[in-house]
Amino acid sequence: MVEASPKVVVVVPTYNERENLPVLVSLLADLQVPNLKVLVVDDNSPDGTGEVADKLAAESSGNIGVLHRAEKDGLGRAYIAGMTRALDEDADVVIQLDADLSHPASVIPAMLDTLLSTDAAVVLGSRYVAGGSTATEWPWHRRALSAWANFYVNAVLRLHVKDATAGFKAWSADTLRAIDLPSIHSNGYSFQVEMNYRTVKRGLKILEVPIRFEERVKGASKMSLSTQIESAFTPWRLLFGRRLN
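Bear in mind that the values here come from a model prediction, so they are computed numbers and not experimental data. (Residues numbered from 1 in each chain as written. Predicted model: local features only at pLDDT ≥ 70, side-chain atom pairs only at ≥ 80, totals over all residues. Heavy atoms only, no water.)

*Asks:* What am I meant to see in the side chain of Lys169 here?
*Replies:* Position of Lys169 relative to the elements: it lies in strand β7 (residues 169-172). Of the side chains bearing the opposite charge, Asp163 lies closest to the buried Lys169, which forms no salt bridge; the N-O distance is 8.8 Å. A distance of 3.1 Å separates a polar atom in the side chain of Lys169 from the backbone oxygen of Gln192. In this structure the side chain of Lys169 is engaged in a polar contact, spanning 3.0 Å, whose partner is the side chain of Asn196. Apart from the residues lying within four places of it in its own chain, the contact partners of Lys169 are Val94, Ile95, Gln96, Met111, Val122, Val123, Leu124, Gln192, Met195 and Asn196. (Helix = DSSP H or I, 4+ residues; strand = E, 2+ residues; numbered from the N terminus. Buried < 20%, exposed > 50% of the residue type's maximum accessible area, 1.4 Å probe, protein only. Lys, Arg positive; Asp, Glu negative; His and termini not counted. Salt bridge = Lys/Arg side-chain N within 4 Å of Asp/Glu carboxyl O. Polar contact = N/O pair within 3.5 Å; in protein donor to acceptor, adjacent residues only side chain to side chain. Contact = heavy atoms within 4.5 Å.)

*Asks:* Can you help me understand unusual backbone geometry in this one?
*Replies:* Among all residues except glycine, the phi angle is most often negative; among peptide bonds, the trans geometry is most common. Look at Gln32: it is not a glycine, yet its phi comes out positive at around 55°. Its location among the elements puts Gln32 in the loop between α1 (20-31) and β2 (36-42). With relative accessibility at 68%, the residue Gln32 sits in the exposed group. A positive phi angle, near 60°, is found at Asn35, a position not held by glycine.

*Asks:* Any chance you could explain the packing of helix α3 (residues 75-88) against helix α7 (residues 190-201) here in plain terms?
*Replies:* In a packed pair of helices, the relevant descriptors are the angle between the two axes and the axis-to-axis distance. In contact at an axis separation of 8 Å, α3 and α7 are set at 50° when each is read in the N-to-C sense. When the axis of α3 is compared with that of α7, the two are oblique. Every residue of α7 that contacts α3 at Leu75, Gly76, Tyr79, Ile80 and Met83 is listed here: Phe191, Gln192 and Met195. Partitioned by chemical class, the residues of the contact of α3 with α7 number six nonpolar, two polar and no charged. (Axes fitted to C-alpha atoms, helices over the stretch in contact; angles between N-to-C directions. Parallel < 35°, antiparallel > 145°, perpendicular 65-115°, else oblique. Nonpolar A, V, L, I, M, F, W, Y, C, P; charged D, E, K, R; others polar.)

*Asks:* I would appreciate a short explanation of a nonpolar patch on the surface in the present structure.
*Replies:* A cluster of nonpolar side chains, contributed by Leu145, Trp148 and Phe151, occupies part of the molecular surface with about 370 Å² of accessible area. Residue classification places Leu145 among the partly exposed positions, given a relative accessible area of 47%. (Patch = residues over 30% accessible without salt bridge, like charges linked within 9 Å, V, L, I, M, F, W, Y side chains within 5 Å. Areas by Shrake-Rupley, 256 points an atom, 1.4 Å probe, with all protein chains shown as cover.)

*Asks:* Explanation requested: the pairing of strand β1 (residues 8-14) in the structure shown.
*Replies:* On any regular strand, side chains alternate: one points to one face of the sheet, the next to the other face. Counting buried positions over the seven residues of β1 gives seven, a clear majority of the element. Of the two faces of β1, the one lined by Val8, Val10, Val12 and Thr14 and the one lined by Val9, Val11 and Pro13 are each fully buried. Of the pairings in the sheet, the one linking β1 to β2 comprises seven bridges and is parallel in character. Within the sheet, the bridge partner assigned to Val9 lies in β2 and is Lys37. Taken together, β1, α1 and β2 form a β-α-β motif whose crossover is right-handed. (Pairing = 2+ DSSP bridges. Right-handed = clockwise from strand over helix to strand, strands pointing away.)

The quantities given are spatial measurements derived from coordinates; they are silent on function.
Following this line, the structure appears as C-alpha cells:
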C-alpha cells in the first residue's frame, strides 16, 4: 500500500506584494512537491495584492487559497490566522514563507525531508549555520543588527538556535497544536522568537538547514520602530512569563 504524501500548506502573509506574489507562486509550483497548497493571507493591501491572489487562486485548480483580513494587523497575527486555517483544513506540515522573495523556496524540499525523517518539531531555514549566508547587498549595519539580535535572544532565552529570528520555517502540525497558537502575544518579528521559545520550553527539537537570505528587490520593508521595540522587550516578557505593557 502506497502511503499518502503529507498535506503541506505554505502560509504566505502579504501586504503590498502584488509584484512579488505571482513570482513566488510560480517558484512554489516549480518545486513539484506532492500535495502542496499555498494559503495567501492578505491584510487588505491597498496596492491590489488581494485581487492578484484571488486571480491566482481561480487559476490554480484548488492549490491556492486566499484568506482576506480587514486591515493591516501585523506579521504575527497574519501568520497565526493562516496557520489556524491550515490546521483547520487538516494540514500535516505548515510552512512559513514571506512574500518578499528573500527566502529561497528551492530549499523547501530539504526542509520537508529533515522534518519528516527526524524527530524535529520544526525546521528553520537558517542564515547562520554552516552553508548559510546573507545577501551581499546587506549594509554592514543590517548585518550587525541581525547578528546582535540573535546573540541577544539566545543570551536571554537560551534557545541554542543559530538563527533565532528566522522567518522561514517548516512546522509539524502537532507542534503548532502543542504550543497553543491562539495564546501567542507577539506580533512583529518577535513572533518568530516566541514560537521558538514555546517549542524549546516543551522539550521539542528545533533543527536548522542552511539558506542564502536575499535582499528584497521589489516593494518596501515592513520593519518599523515599534516592531524593533517590541522585539527588544519580547525575550524578557517570555522569560518572566508575563506581558510587559
